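Fold and geometry: a report
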Amino acid sequence: MGLLIDRQGRAQLVIVGDTGAIYIPELPRSRQGTARLRGLRLVHTHLADTLLSQEDMMDMLFLRLDSVGVLTVDEFGGPERFQYAHLLPSVVSGAGAGEQEAEQGGRAADGEEGENKGYRVFPAVPWDRVDADFNALTEALEDEMARALSDARVADGDGERAVLVSVGTQPRSLQELYLDELQELARTAGIAVVGRIVQRVPQVNHKLILGKGKLAELEVLCLQGNAGMVVFDGELAPAQLRNLTDATERKVLDRTQLILDIFAQHATSRAGKLQVEMAQLQYTMPRLVGKNRAMDRLMGGIGGRGPGETKLETDRRKIRDRISRIKGELETLRRQRGYARDRRAKARVPVAALVGYTNAGKSTTLNTLTHSDVLAENKLFATLDPTTRRLRFPQERELILTDTVGFIRNLPKELKEAFEATLEELEAADLLIHVADAGHPEVERQIQAVESILTDMQLHEIPSVLVLNKWDMLDDEARFALRQAHPQAICICARTGEGLDGLSAAIISRIDWERGMVVA
Ligand SMILES: Nc1nc2c(ncn2[C@@H]2O[C@H](COP(=O)(O)OP(=O)(O)OP(=O)(O)O)[C@@H](O)[C@H]2O)c(=O)[nH]1
Ligand SMILES: [Mg+2]
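In this text, all values refer to a predicted model and were calculated from it rather than measured experimentally.

What counts and what doesn't
- Residues numbered from 1 in each chain as written.
- Chains lettered and ligands numbered in written order.
- Predicted model: local features only at pLDDT ≥ 70, side-chain atom pairs only at ≥ 80, totals over all residues.
- Heavy atoms only, no water.
- pLDDT = per-residue confidence, 0-100.
- Contact = heavy atoms within 4.5 Å.
- Helix = DSSP H or I, 4+ residues; strand = E, 2+ residues; numbered from the N terminus.
- Polar contact = N/O pair within 3.5 Å; in protein donor to acceptor, adjacent residues only side chain to side chain.
- Axes fitted to C-alpha atoms, helices over the stretch in contact; angles between N-to-C directions.
- Parallel < 35°, antiparallel > 145°, perpendicular 65-115°, else oblique.
- Left-handed = near helix turned anticlockwise from the far one by under 90°.
- Nonpolar A, V, L, I, M, F, W, Y, C, P; charged D, E, K, R; others polar.
- Donors = N, O, S within 2.8 Å, 3.2 Å for Na, K, Ca; no water.
- Buried < 20%, exposed > 50% of the residue type's maximum accessible area, 1.4 Å probe, protein only.
- Pairing = 2+ DSSP bridges.
- Phe/Tyr/Trp six-rings, centres within 6.5 Å; stacked < 30°, edge-to-face > 60°.
- Lys NZ or Arg CZ within 6 Å of the ring centre and 35° of its normal.

Some thoughts on the confidence of the model for the protein
Looking at the protein, the pLDDT average stands at 81 and 84% of residues meet or exceed 70. With pLDDT under 50 throughout, residues 91–115 is counted as low confidence; its partners more than four residues away or in other chains account for 45 contacts. This stretch, residues 290–311, has a pLDDT under 50; its non-local contacts, to residues over four places away or in other chains, come to 56 contacts.

And the structure:
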């Protein structure tokens, strides 16, 4: 038997179960999102002499109960011992706090094992010696939660707050690296990350991705960091997105949606906006079934970016129409760009294109080389539209330098298609200047990712120069190692302009100025 008791001490619900369990019906959604407790505590009986179980803890977590208590019953139905537990307001630090398996009933009572899971379990006492003021306890808890919350607000502004999750078959260390990148993406999108979960599994659970234990851990992190959003690394299938949204009662995003969101924020030109809208529509359409609050965001939530809220109500047919109209318009823009390219080709002005991982310093390099003022900032995908500048060398030599959208590993397929027109600029290039961020811990992996994308796009035959940028961030040892690994590379500091003479010389020497073509 179980009672759900409100803060005035009134029983709101009486639940009668069988010998093994009670089933708590779906409760109305909690007030004011995630910061507060539900205002109900559960007291229930265990017919055997077992104390609070893992199941009880999960109920407390998922329902955000003020507390959960158990009363054990002897063979004659008389009360014996009472034990209770409540959630902890402190922010659980670090990921993977709970690798522990589900505990069996009774064990939770011993020791403070629950501490790092975000709840506290009190020792059992005889039922007539219970001495706890549940209201005072709850009040103190909510106070502390509110305080932790406002501290966090001060620390990271008022953006949305999210917990990042990676579940996969890859080694944990690799998943951590991917999460680092996801965290950078989140930062760029204006989302504060309040927790991370990494789990290595032999096989990913198709329905929910996360097992029940991890889902509980996620709930703890969200609750304590007051996160209204969960971001998964990788792509979620439509059904997974729905299941996770239901299970967590929070907005659920995957990496692709996050990238699309950033693109939507950064798109400025007509073509850029259309391309992003098309990618969003293509990715969103199969995910439109059912109610998913992630769509609020995806479909133009904050600040009205993206295709806009009203489109949410439109049916698939309209979306399909919209996609084909956008395709038409993009085709026109693409043709116009083609003409411009043809003119340049006729004039025999050689073209060099800056390519590279996002945030490597492509725009900064363009700025310093051509004394321009293109937007360069410490954000991923700051540049979406190709920008061209003329670059003059001595002896009347001149070339066109193009800045392009950055690459990222596992570039979502929808984006690749949508940005085809932009990336077409690259096909016409005589020389690719591959800018890499030498100061990034993952520089080698990023260089490889860029090279494999170039191969994918069949651009690997275009001559290229590797540029190791942000050289200023390295110590001598790191410089030596990188030089060894890439003897042909040109080391520069685009911010100060150091090494750019070397880059100019390399560009000049790679281009056949008589024919406007590159020396093979
Ligand atoms: N320390 C250091 N930072 C640099 C250097 N060059 C660029 N940066 C910084 O790196 C960040 C990214 O530079 P961008 O030029 O915007 O990079 P990008 O490759 O155009 O990036 P996206 O367009 O976002 O893909 C900025 O904060 C720059 O100030 C450098 O030589 N040294
Ligand atoms: Mg840029």
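Next comes the rest of the account.
Points about the side chain of Lys 214
Relative to the elements of secondary structure, Lys 214 occurs in helix H4 (residues 212–225). Among the polar contacts made by the side chain of Lys 214, one reaches the side chain of Glu 217 at a distance of 3.1 Å.

Some thoughts on the packing of helix H1 (residues 54–63) against H4
One way to put it is that H1 packs onto H4 with a least axis distance of 10 Å and a crossing angle of 40 degrees. The pairing of H1 with H4 is recorded here as oblique in orientation. As H1 packs across H4, the resulting crossing turns out to be left-handed. Between H1, through Glu 55, Met 58, Leu 61 and Phe 62, and H4, the contact on the second element is made entirely by Lys 212, Gly 213, Leu 215, Ala 216, Glu 219 and Val 220. Tallied by class, the residues present in the contact of H1 with H4 amount to 6 nonpolar, 1 polar and 3 charged.

A closer look at the coordination of the magnesium ion (ligand 2)
Protein-derived ligands of the magnesium ion (ligand 2) are Ser 363 (OG) and Thr 383 (OG1), with the metal-ligand distances lying across 1.9 to 2.1 Å. Of this pair, Ser 363 sits in helix H10 (residues 362–370) while Thr 383 is found in the loop between H10 and strand S13 (387–393), placing the two residues 20 residues apart along the sequence. On the accessibility criterion, Thr 383 (11% relative accessible area) is buried.

What about the sheet that holds strand S11 (residues 251–254)?
Whenever strands of a sheet pair, they do so through backbone hydrogen bonds, lying parallel or antiparallel. If you trace the 4 strands from one edge of the open sheet to the other, you get S9-S8-S10-S11, paired in parallel fashion. Each end of this open sheet is capped by a strand with a single partner; those strands are strand S9 (191–200) and S11. Strand-to-strand twist of the sheet, defined as the mean angle between neighbouring strand axes without regard to direction, takes the value 25 degrees. Examined bridge by bridge, strand S8 (residues 160–168) and S9 share 9 bridges and lie parallel to one another. Counterpart to Val 165 in the pairing with S9 is Ile 197. Packed on one face of the sheet, H4 meets S8, S9 and strand S10 (229–232) and runs near 165 degrees to S9.

A word on the sheet that holds S13
Spatially, S13-S14-S12-S15-S16-S17 is the arrangement adopted by the 6 strands of the open sheet, whose pairing is mixed. Two strands lie at the open edges of the sheet, namely S13 and strand S17 (490–491), each paired on one side alone. Note: S13 against strand S14 (residues 397–403), 7 bridges, orientation antiparallel. Across the sheet, the residue bridging to Leu 391 is Leu 399, located in S14. Helix H13 (residues 443–456) contacts strand S12 (351–356), strand S15 (431–437) and strand S16 (464–469) of the sheet and is inclined by roughly 155 degrees relative to S15.

As for the packing of aromatic side chains
Centre distance and the angle of the planes are the two values used to describe a pair of aromatic rings. By the definition in use, this model includes 4 aromatic pairs. By the ring-pair criterion, three or more aromatic residues cluster together here, those being Phe 82, Tyr 84, Phe 122 and Phe 134. Above the ring of Tyr 178, the side-chain terminus of Arg 409 is found at 3.5 Å from the ring centroid.

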